[in-house]
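# Coordinates in review
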Amino acid sequence: MDAVTTLTIFVLAVFIGFEVVSKVSSTLHTPLMSGANAIHGIILVGAIIVAGQAESIGVLVVALIATLLATINLVGGFVVTDRMLDMFSGRASGRKAPEKKGEQL
Amino acid sequence: MNVLAPEWAAALYLVAASCFILALRGLSSPKSARRGNLIGATGAVIAVITVFLSMKIDNLPWILGTIAVGSLIAAPVSRKVKMTQMPQLVALFNGVGGGAAALVALLEVPHNTTVWSGIATAFTILVGSVSFSGSCITFAKLQELIPTRPLTFRGQPVVMALVLAGALASAVVVVMSGSLLAVLALLGLGLAAGVLLVLPVGGADVPIVISLLNAFTGLTVAASGVVLGNVLLLVAGTLVGASGTILTRAMASAMGRSVAGIIFGAFKGGSTAGSATVSDRPVRSSSAEDVAILLGYAQKVIVVPGYGLAVAQAQHVMAELAQALKDRDIEVVYGIHSVAGRMPGHMNVLMAEANVPYEDLLEMDEVNPQFKTADVALVVGANDVVNPAAKTSVGSPIYGMPILDAAAARQVVFLKRSMRPGFAGIENELLFEPQTTVLFGDAKESLSKVLSSVRAL
């Protein structure tokens, strides 16, 4: 990828990222954070590429550690988000999502 | 295996990236949230299958085995984790993601050919390790392995500045020479910077910091996409980085805080958990026995739970106390504020965990008229949600926020750890009213003492 293409993709993705979550209700802050957290677990793809091209045992070990960590991020992230949303469903349905400001200690 | 031509692989990555965009959009609305999460997971599966089919991947048994082990660790933990521990689990997942990105970039250092990818590599290693160690500290704070209050030491800003300068210097060396020593220095300094960044943050603000570190990890994944020349990583990482930034700001403003204030507040000497000046006006503090007498001879008690109850893990003791009062024919209900706690809906789930009957949990509109007839409003670890300033003082950060009308009760009892103001960082006038008494201490300890005193009445 040349620099300009990379920059183009980057800038467009930034705008999409801003746009898709711009109207999130405060009820969903935590699950949305958790879901986004799961998505960056896709670094697993990078870890697989590096592990798949490893030629020495040292590189392979480090790459496999990366693979392990990335898998935990990816799988755990989606599962825990699903559980979170499961807890909110039932209670959240039928009631208007609160959009009040302020939390307290 | 190279069964997929590069064009097909690129097309499938595009499908996966679209899934991620739809996932984020779905997660932004209650109706589609669960479906959104599933779409995201589908995208991830498509992407992982694509990488196996489109590239020459050696060491296949090792890789597949590692993925299996990782899934077997992560899935059961995520299924079994208690609701109150979910925020720290998310922090941990975020940290390992950042760590994985840093390791991937580290291994790519020898393959860097251009300055451009060198910069991306150094960025990934640095920010990935910041995210990793920072998330570990947030995990430790939320799990209460270390104190949740802001931890600062003299000269912290200087140390932080030195660490960042050192990291920047190492990054330059990494880009110029790719020396292994500089790479390791960058990794170590990044880890140190993550610790220094999060230690001064007060426990109450940690969720916002998790969100911020989440955005950081997103950006590292995007940078690792540049390093590896993988468009999907670039797009997915950028999406998370951008949406995470918006989300961090939204969370901070929903709590009446600014992101910069949280990160830098502690460096300036003020506690980020409430930086307003604490006045020295007297409050009426009392003993557990006195509170027990107030409660034990009341006819109606309304409990207002807040974050303090959740951090102290006091929901079971609270439920026991309520039961003990009910056994004395006292009417006990809970007034639930919709933004009490750290997760939306936090208090409902928390009290449900302690098997509090659902009909005892009253929403704000339902419970507010009842405070007038209540003998005692028992405010456990809540503050801003009962602060009359929201109604009376124009210009207050919480002005206009609907509050629970605890001030209308004949007696108000606060269980508080200290006089520290709530999230909004403003004093609660209610604390100084003549009908108010305060019992200082950890919510769980205080409630246990009150409970045994009530039983002894």
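Residues numbered from 1 in each chain as written. Chains lettered and ligands numbered in written order. Predicted model: local features only at pLDDT ≥ 70, side-chain atom pairs only at ≥ 80, totals over all residues. Heavy atoms only, no water.

This paragraph deals with unusual backbone geometry. Residue and element names in this part refer to chain B. At Asp329, a residue that is not glycine, the phi angle is positive and equals roughly 65°. When you line up the elements, Asp329 lands in the loop between helix 13 (315-327) and strand 2 (331-336). Since its relative accessible area comes to 73%, Asp329 is described here as exposed. Look at Asn355: it is not a glycine, yet its phi comes out positive at around 60°. Residue placement: Asn355 occurs in the loop between helix 14 (346-353) and strand 3 (361-363). (Helix = DSSP H or I, 4+ residues; strand = E, 2+ residues; numbered from the N terminus. Buried < 20%, exposed > 50% of the residue type's maximum accessible area, 1.4 Å probe, protein only.)

As a further point, take the nonpolar core. Formed by 156 residues in total, the largest nonpolar core has its most connected members in Ile42 of chain A together with Val301, Met318, Leu321 and Leu378 of chain B. Examining the composition of this core, we find that 14 residues originate from one element, helix 4 (residues 86-108) of chain B, more than from any other. Inspection of this core shows a minimum of three residues originating in each of domain 1 (6-268) and domain 2 (288-456) of chain B. Core analysis: the second largest hydrophobic core is formed by 25 residues, Met364, Ala382, Leu431 and Phe432 of chain B among them. (Core = buried A, V, L, I, M, F, W, Y, C linked by side-chain atoms within 4.5 Å. Domains from an automatic or database assignment.)

Attention now moves to the side chain of Gln435 of chain B. Along the chain, Gln435 of chain B falls in the loop between strand 5 (411-416) and strand 6 (436-440). In this structure, Gln435 of chain B is in contact with Arg284, Ala407, Ala409, Arg410, Gln411, Val412 and Leu430 of chain B, ignoring residues within four places of it in sequence. (Contact = heavy atoms within 4.5 Å.)

Let us now look at the domain arrangement of chain B. Interface size, as often reported, equals the accessible area lost upon joining of the parts. For chain B, the assigned domains read domain 1 (6-268) and domain 2 (288-456). Computed from C-alpha atoms alone, the centre-to-centre distance between domain 1 of chain B and domain 2 of chain B is 38 Å.

Turning to the interface of chain B and chain A, a few remarks are in order. Across the boundary between the two partners, chain B contributes 116 residues, which contact 80 residues of chain A. The junction of chain B with chain A conceals about 8,700 Å² of combined surface from both sides, 77% of it contributed by carbon and sulfur atoms. At the boundary of chain B and chain A, one finds one salt bridge. The partner of Asp82 of chain A in a salt bridge is Arg34 of chain B, and the shortest N-O contact between them spans 3.0 Å. For the interface between chain B and chain A, the tally reads 15 residue pairs in polar contact (both at pLDDT 80 or more). (Buried area = accessible area lost by both parts, 1.4 Å probe. Salt bridge = Lys/Arg side-chain N within 4 Å of Asp/Glu carboxyl O. Polar contact = N/O pair within 3.5 Å; in protein donor to acceptor, adjacent residues only side chain to side chain.)

Strand pairing in a sheet relies on backbone hydrogen bonds, with the paired strands running either antiparallel or parallel. Residues and elements named next belong to chain B. Taken together, the six strands give an open sheet; going across it, the order is 3-2-1-4-5-6, and neighbouring strands pair in parallel fashion. The sheet is open, and its two edges are formed by strand 3 and strand 6, each paired on a single side. Each strand of the sheet is rotated relative to its neighbour by a mean of 25°, with strand direction disregarded. Sheet topology note: the strand 1 (residues 300-305)/strand 2 ladder contains four bridges and is parallel. Its bridge partner being in strand 2, Val303 is matched across the sheet by Tyr334. Against the sheet, helix 17 (residues 443-456) engages strand 4 (376-380), strand 5 and strand 6, with an angle of about 110° to strand 6. (Pairing = 2+ DSSP bridges. Axes fitted to C-alpha atoms, helices over the stretch in contact; angles between N-to-C directions.)

Moving on, we come to helix 11 (residues 288-296) of chain B. Residues and elements named next belong to chain B. Every buried residue belonging to helix 11 is among Ala288, Val291, Ala292, Leu295 and Gly296, and all of these are buried. Take helix 11 and look down its axis: the buried residues cluster within an arc of 125°, on one side only. For helix 11, the secondary structure elements touched by its buried residues are strand 1, helix 13, strand 4, strand 5, strand 6 and helix 17. (Arc of directions from axis to C-beta.)

Take the packing of helix 11 of chain B against helix 17 of chain B next. Residue and element names in this part refer to chain B. Taken N-terminus to C-terminus, the directions of helix 11 and helix 17 make an angle of 55°; their axes are 8 Å apart at the nearest point. As judged from the angle between their axes, helix 11 and helix 17 are oblique. When you trace helix 11 past helix 17, the crossing you get is right-handed. Seen from helix 11, the contacting residues are Ala288, Glu289, Val291, Ala292 and Leu295; seen from helix 17, they are Lys449, Val450, Ser453 and Val454. When the residues that make up the contact of helix 11 with helix 17 are grouped by side-chain class, the tally is six nonpolar, one polar and two charged. (Parallel < 35°, antiparallel > 145°, perpendicular 65-115°, else oblique. Left-handed = near helix turned anticlockwise from the far one by under 90°. Nonpolar A, V, L, I, M, F, W, Y, C, P; charged D, E, K, R; others polar.)

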